[in-house]
Amino acid sequence: MSNVQFDEGRLMQVLVAPIVSEKATMAAEKSNAVLFKVLRDASKPEIKAAVELLFNVKVQAVNVLNQKGKAKRFGKTVGRRDHVRKAYVTLQPGQELNFGGEAV
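Reading the values: the criteria
- Sequence positions are assigned chain by chain, starting from 1 and proceeding in written order.
- Owing to the predicted nature of the model, reporting of local features is limited to residues with pLDDT of at least 70; listing and counting of side-chain atom pairs is limited to 80 or more, with chain, interface and lining totals taken over all residues.
- As a rule here, side-chain values cover all heavy atoms of the structure and leave hydrogens and water aside.
- Definition used for salt bridges: Asp or Glu carboxyl oxygen within 4 Å of a side-chain nitrogen of Lys or Arg.
- Each helix is a run of H or I in the DSSP string that is no shorter than four residues. Each strand is a run of E no shorter than two, and both are numbered from the N terminus.
- Only protein chains enter the accessibility calculation, which uses a 1.4 Å probe; a residue is then buried when its area is under 20% of its type maximum, exposed when over 50%, and partly exposed in between.
- Any two strands between which DSSP finds at least two bridges are classified as paired.
- With axes taken as lines fitted to C-alpha atoms, and helix axes fitted only over the stretch in contact, angles between N-to-C directions fall between 0 and 180 degrees.
- The patch calculation keeps residues exceeding 30% relative accessible area without a salt bridge and links them within 9 Å when they carry like charges or within 5 Å when they are nonpolar (Val, Leu, Ile, Met, Phe, Trp, Tyr).
- Note that accessible areas follow from Shrake-Rupley with a 1.4 Å probe, and for residues the cover is restricted to the protein chains shown.
- One fewer than the residue count of a helix, multiplied by 1.5 Å, yields its expected span.
- Polar contact is the term for a pair of N or O atoms within 3.5 Å; when the atoms are in protein, one must be able to donate a hydrogen and the other to accept it, and sequence-neighboring residues count only if both atoms are side-chain atoms.
- The contact criterion used throughout is that any non-hydrogen atoms of two residues lie within 4.5 Å.

Asker: Where do I start with the pattern of salt bridges in this structure?
Answerer: Under the criterion given, the structure shown has two salt bridges. Arg10 serves as the salt-bridge partner of Asp41, at 3.3 Å between the closest nitrogen and oxygen. You can see Asp41 sitting in the loop between β2 (33–38) and α3 (44–55) and its partner Arg10 sitting in helix α1 (residues 8–14), a full 31 residues away along the chain. Of the residues examined, Arg10 reaches a relative accessible area of 22% and is grouped as partly exposed. The shortest N-O distance in the salt bridge between Glu46 and Arg10 comes to 3.0 Å. Of the two residues, Glu46 sits in helix α3 while Arg10 sits in helix α1, which places them 36 residues apart along the sequence. When its relative accessible area of 11% is taken as the criterion, Glu46 is described as buried.

Asker: Just checking my understanding: could you explain unusual backbone geometry for this structure?
Answerer: Phi angles above zero are rare outside glycine, and Asn32 is one such case at about 55°. Structurally, the position occupied by Asn32 is in the loop between α2 (22–31) and β2. The backbone of Asn56 shows a phi angle near 55°, a positive value even though the residue is not glycine. Tracing the backbone through its elements, the reader meets Asn56 in the loop between α3 and β3 (59–67).

Asker: What is the right way to read the sheet that holds strand β6 (residues 84–91) from this model?
Answerer: Neighbouring strands of a sheet are bound in pairs by backbone hydrogen bonds; such pairs are parallel or else antiparallel. Within the open sheet, the four strands sit side by side as β1-β2-β6-β3. Their pairing is antiparallel. Taken across any chain shown, the strands that pair with only one partner, and hence form the sheet edges, are β1 (15–18) and β3. Averaged over all neighbouring strand pairs, the angle between strand axes comes to 30°, with direction disregarded. As defined by bridge partners, β2 adjoins β6 across six bridges and the pair is classed as antiparallel. Bridging from a neighbouring strand, Ala33 pairs with Thr90 of β6.

Asker: Sorry, what's going on with a nonpolar patch on the surface here?
Answerer: Together, Met12, Leu53 and Leu54 make up an exposed nonpolar region whose accessible area comes to about 230 Å². Position of Met12 among the secondary structure elements: in helix α1.

Asker: I would appreciate a short explanation of α3 in the present structure.
Answerer: Given 3.6 residues to a turn, an α-helix orients residues that are three or four positions apart in the same direction. Taking 1.5 Å per residue, twelve residues should reach 16 Å; α3 reaches 16 Å between its end C-alpha atoms and fits that length. Every buried residue of α3 is listed here: Glu46, Ile47, Ala49, Ala50 and Val51. Of the residues flanking the end of α3, it is Asn56, one or two places downstream, whose phi is positive at about 55°.

Asker: What is the right way to look at the side chain of Glu46 in this model?
Answerer: Looking at Glu46, its side chain comes within polar contact range of the side chain of Arg10, at 3.0 Å. Excluding anything up to four places from it in sequence, Glu46 contacts Phe6, Arg10, Leu11, Val14 and Asp41.

This is the structure:
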C-alpha cells in the first residue's frame, strides 16, 4: 500500500488546519501525536502521504474520528455547527513537528 501514488494537488488540500488545544498538547507529549482537521472524505493513506509531503517527517500511524456538529441556538433559530473529521497522526520516534514557526 506504500507504493500508491496520490495527486499532489489533492494532498495539499487534505489537511485543513492543525488543532491546537489542551487535549492536542497532551496527546503530543504522551504519544508523539499531532492533531489535524482534515477533509471529510480523506482516507488514512491520503492523510499519511499529505503529512509526509508537507512536513518531511515519517508517520507511524493515523487514527481518524468523525465529530458530529453540535446543535446550537441563535436566538429563536436552531442552527448546527459543521461536522469535523479529525486525524491523530502519530509520528515515528525521533520525529518532531513544530507549529511555532521557528526553524530547528
